[in-house]
Amino acid sequence: MATEQTLVLVKPDGVARGLTGAILARIEAKGYALVDLRLVEPDRARLEQHYAEHAGKPFYEPLLDFMMSGPSVAIRLAGNRVIEGFRSLAGTTDPTTAAPGTIRGDFGRDWGLAVQQNLVHGSDSPESAARELSIWFA
Ligand code: DAT
Ligand code: MG
């Protein structure tokens, strides 16, 4: 299986902190292809779809509020094993313990808030990628 596609989001903290360029530079340096890219201000309905798997969890409402706090950059990204590869570039969910060298490890920290403001989202499987790309690039 060769080229696949994934959904990447530079979340509101990444855009607000002026890190979009630095994050895109890492994606491009890795050799992945930008297929489509847009600045988006998602409404609650779109975020409920996107984060359906987390409905009811303690961080769900704060997560939706955070994602509505400012614009995000949505990216349709392509490459060989890009789903796994971008998750590796991003680092693990908690920015405090994400490995140095990753986006979350280098730029993220724990702000003591109800949600991990961890700069980026990346789809976690081919099924998620197809579902999420249809939500953000309808
Ligand atoms: P990921 O974004 O690494 O795929 P996830 O899908 O488990 O992580 O969670 C989605 C987002 O929700 C995550 O980026 C930040 C927030 N989140 C997840 N677990 C959390 C927790 N235990 N406390 C606070 N926020 C959390
Ligand atoms: Mg996830």
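Just so you know, these numbers come straight off a predicted model, no measurement behind them.

Regarding the UniProt feature "binding site: ATP" (unreviewed entry) in the chain
Phase 1: Residues annotated by UniProt as "binding site: ATP" (unreviewed entry) correspond here to Lys-11, Phe-59, Arg-87, Thr-93, Arg-104 and Asn-118.
Phase 2: Along the chain, Thr-93 turns up in the loop between α5 (82-90) and α6 (103-107).
Phase 3: When the 11 C-beta atoms within 10 Å are taken as the criterion, Thr-93 is described as exposed.
Phase 4: Once you skip the residues sitting within four places of it in the chain, Thr-93 turns out to touch Gln-116 and Asn-118.
Phase 5: The residue Asn-118 is located in the loop between α6 and β4 (120-122) in this model.

Concerning the UniProt feature "active site" (unreviewed entry) in the chain
Phase 1: This chain's UniProt record puts "active site" (unreviewed entry) on His-121.
Phase 2: Mapped onto the fold, His-121 is located in strand β4.
Phase 3: The residues contacting His-121, other than those within four sequence positions of it, are Val-8, Leu-9 and Lys-11.

Points about the pairing of strand β3 (residues 72-80)
Phase 1: Across eight bridges, strand β1 (residues 3-10) lies against β3 in antiparallel orientation. If you follow Thr-6 over to β3, its bridge partner there is Leu-77.
Phase 2: With seven bridges connecting them, strand β2 (residues 33-40) and β3 associate as antiparallel partners. Across the sheet, residue Leu-39 finds its bridge partner in β3, namely Val-73.

Scoring rules and cut-offs
Residues numbered from 1 in each chain as written. Chains lettered and ligands numbered in written order. Predicted model: local features only at pLDDT ≥ 70, side-chain atom pairs only at ≥ 80, totals over all residues. UniProt positions renumbered as here; feature names shortened; annotations may be inferred. Helix = DSSP H or I, 4+ residues; strand = E, 2+ residues; numbered from the N terminus. Buried ≥ 20, exposed ≤ 12 C-beta atoms within 10 Å, placed from the backbone. Contact = placed C-beta atoms within 7 Å. Pairing = 2+ DSSP bridges.

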